[in-house]
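# Understanding the architecture of this molecule
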Amino acid sequence: QVQLVESGGGLAQAGDSLRLSCAASGGSFGDYAMGWFRQAPGQEFEFVAGISRSGGRIEYADAVKGRSTISRDNAESTVYLQMNSVKFEDTAVYYCAAVPSDTVADVLTTLREYEYWGQGTQVTVSS
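Below is a summary of the structure that appears in this document. (Residues numbered from 1 in each chain as written. Predicted model: local features only at pLDDT ≥ 70, side-chain atom pairs only at ≥ 80, totals over all residues. Heavy atoms only, no water.)

## Digging into the overall build of the chain
Secondary structure assignment for the chain yields 0 helices and 11 strands. When the helices and strands of the chain are listed from N to C terminus, the series reads β-β-β-β-β-β-β-β-β-β-β. Its C-alpha atoms give the chain a radius of gyration of 13 Å, within 12% of the compact-globule value 14 Å for 127 residues. Projecting the C-alpha coordinates of the chain onto the three principal axes gives extents of approximately 40 × 25 × 25 Å. (Helix = DSSP H or I, 4+ residues; strand = E, 2+ residues; numbered from the N terminus. Rg over C-alpha atoms; globule rule 2.2 N^0.38 Å.)

Here you go:
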């Protein structure tokens, strides 16, 4: 069973950059497809980005495409979400998620496909 701990959130101004990190422990990190989701106040969970086990396949939500980069370091058991030109609408709690994946190239984009979740990190963007 893998444990996930997010960090890197905080207060930012519109246009700033933030890098979120998610450190995994307790499992073989390279066996897991990883994803980032977010939940804004009063809103449902929203997929942000996903990355396959190998890092070779990546998907982004339209809301962040072109402004964000998901990456992973399997040696460090960490997945990152670099967010550039943040907007007020990016304000949310950001969650890291993991699921064992049999396929190297799988990228998962829906909430129910993920098995393990971090506690979340708050990102607040002032306009």
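## Describing the packing of aromatic side chains
Following the criterion strictly, the structure yields 7 aromatic pairs and no others. Centre to centre, the rings of Phe37 and Tyr114 are 5.3 Å apart; their planes meet at 80°, and the pair counts as edge-to-face. Placement of the pair is Phe37 in strand β4 (residues 32-39) and Tyr114 in the loop between β9 (92-100) and β10 (116-117), with a sequence separation of 77 residues. Side by side, Phe37 and Tyr114 carry an identical accessibility label, which is buried. Measuring from centroid to centroid gives 6.0 Å for Phe45 and Trp117, while their planes differ by 70°, and the two rings are edge-to-face. Here Trp117 lies in strand β10 and Phe45 lies in strand β5 (residues 45-51), a separation of 72 residues in the sequence. An aromatic cluster is present here, built from Phe37, Phe45, Phe47, Tyr95, Tyr114 and Trp117 joined pairwise through their rings. (Phe/Tyr/Trp six-rings, centres within 6.5 Å; stacked < 30°, edge-to-face > 60°. Buried < 20%, exposed > 50% of the residue type's maximum accessible area, 1.4 Å probe, protein only.)

## Points about the pairing of strand β8 (residues 78-83)
Most of β8 sits out of view: 5 of its 6 residues are buried. When strand β3 (residues 18-25) meets β8, the two strands line up antiparallel, connected through 6 bridges. Within the sheet, the bridge partner assigned to Leu20 lies in β8 and is Leu81. Bridge analysis of strand β7 (residues 68-73) against β8 gives 6 bridges, and the strand direction is antiparallel. Bridge pairing links Asp73 to Thr78 in β8. Linking β7 back to β8 in an antiparallel pair, the connection comprises 4 residues, with Ser77 at a positive phi of about 55°. (Pairing = 2+ DSSP bridges.)

## Points about the nonpolar core
Nonpolar side chains tend toward joint burial in soluble globular proteins. Formed by 35 residues in total, the largest nonpolar core has its most connected members in Leu4, Met34, Trp36, Val79, Leu81 and Tyr94. Elements with a minimum of two residues in this core: β3, β4, β5, β8, β9 and β11 (121-126). The greatest single-element share of this core, amounting to 6 residues, is contributed by β9. Ignoring sequence-local partners within four residues, the contact set of Tyr94 consists of Glu6, Leu20, Trp36, Phe37, Arg38, Val48, Leu81, Met83, Gly120, Thr121 and Val123. (Core = buried A, V, L, I, M, F, W, Y, C linked by side-chain atoms within 4.5 Å. Contact = heavy atoms within 4.5 Å.)

## Structural notes on the sheet that holds strand β1 (residues 3-7)
Spatial strand order, β1-β3-β8-β7: 4 strands in an open sheet with antiparallel pairing. Both edges of this open sheet fall to β1 and β7, since each of them pairs with a single strand only. Averaged over all adjacent pairs, the angle separating strand axes in this sheet is 15°, with direction ignored. (Axes fitted to C-alpha atoms, helices over the stretch in contact; angles between N-to-C directions.)

## A short note on the environment of Tyr95
For Tyr95, the location among the structural elements is in strand β9. Along the chain, Tyr95 and Gly118 lie 23 residues apart, while their C-alpha atoms are 5.9 Å from each other. When near neighbours in sequence (up to four residues on either side) are disregarded, Tyr95 contacts Glu6, Gly35, Trp36, Phe37, Gln39, Phe45, Trp117, Gly118, Gln119 and Gly120.

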